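What the coordinates show
Listed below, chain by chain, are the residues.
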Amino acid sequence: DVKVTQSSRYLVKRTGEKVFLECVQDMDHENMFWYRQDPGLGLRLIYFSYDVKMKEKGDIPEGYSVSREKKERFSLILESASTNQTSMYLCASTPPSGRRGETQYFGPGTRLLVL
Amino acid sequence: SQKIEQNSEALNIQEGKTATLTCNYTNYSPAYLQWYRQDPGRGPVFLLLIRENEKEKRKERLKVTFDTTLKQSLFHITASQPADSATYLCALVWYGGSQGNLIFGKGTKLSVKP
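Residues numbered from 1 in each chain as written. Chains lettered and ligands numbered in written order. Predicted model: local features only at pLDDT ≥ 70, side-chain atom pairs only at ≥ 80, totals over all residues. Heavy atoms only, no water.

Notes on the confidence of the model for chain B
Mean pLDDT over chain B works out to 90, with 96% of the residues at or above the 70 mark. No element of chain B has a lower mean pLDDT than strand β10 (residues 101-104) of chain B, at 83, and none a higher one than strand β11 (residues 108-113) of chain B, at 96. (pLDDT = per-residue confidence, 0-100. Helix = DSSP H or I, 4+ residues; strand = E, 2+ residues; numbered from the N terminus.)

Concerning the pairing of strand β5 (residues 45-51) of chain B
Residue and element names in this part refer to chain B. The pairing of strand β4 (residues 32-38) with β5 spans six bridges and is classified as antiparallel. Within β5, the residue paired with Arg37 across the bridge is Val45. Connecting the antiparallel pair β4 and β5 is a turn made up of six residues, with Gly41 showing a positive phi of about 75°. (Pairing = 2+ DSSP bridges.)

Examining the sheet that holds strand β3 (residues 19-25) of chain A
Residues and elements named next belong to chain A. What the four strands build is an open sheet, ordered β1-β3-β8-β7; its pairing is antiparallel. Every other strand in the sheet has two partners, leaving β1 (4-6) and β7 (64-70) as the edge strands with one partner each. Each strand axis lies, on average, 20° off the axis of its neighbour in the sheet, ignoring direction. Pairing of β7 with strand β8 (residues 73-78), which is carried by five bridges, proceeds in the antiparallel orientation. For Val66, the partnering residue across the bridge sits in β8 and is Leu76. (Axes fitted to C-alpha atoms, helices over the stretch in contact; angles between N-to-C directions.)

A word on the state of the cysteines
All names here are of chain A. In this structure the tally under the stated criterion is two disulfides over all chains. Each sulfur of the disulfide joining Cys23 and Cys91 lies 1.8 Å from the other. Residues Cys23 and Cys91 are joined through a disulfide that is left-handed, its torsion about the S-S bond being -75°. With Cys23 in strand β3 and Cys91 in strand β9 (residues 87-94), the pair connects residues that are 68 residues apart, well separated along the chain. We note that Cys23, like Cys91, is buried. (Disulfide = S-S within 2.5 Å. Buried < 20%, exposed > 50% of the residue type's maximum accessible area, 1.4 Å probe, protein only.)

Dropping the structure here:
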């Protein structure tokens, strides 16, 4: 079974803090994604990566950056957390077909609260 | 731009009945549609995928249809059970570049009452 894990289930941070969200997958997937999910807005893509050290902006990249130093690990960074970044953050990966549209395997999510 | 809509935010049905969820899209014809289940506080879990050249797909009590003329996919759960209560997301995939594109609907929250 594919396993996607996220470093924290719940996180509370203060405005202005730098926040790191970690995601690890154990199935040698090439593509990895970061989404945020908000009530009424659904899932929105922040960034994705199709290879080590490669990254592409999604639909809402502002205020975020990412890092992919190893194939199995994809990190989301909030450079200076703001209250409007309070959300559920979901990491996903897809099998090594090189295409974004493959079946997405999601992690359990990190619920981030920025005070 | 491509848009995807799940018509109902919430659907309440009685146990044993068939639940039918709707997913509509505009603009580009998708390569395929995916359906996911999401339980509260959890990540979505993939259920079914249907390609543009397929009319229907089944998996146990689940059935998905795809009508490219109506630009619509229907997701059916037959003999529904309280354990089927969850939010169901559809996702539309289309190709217009090397990496493809995927967007999710906002989801329909299904409640199955005993």
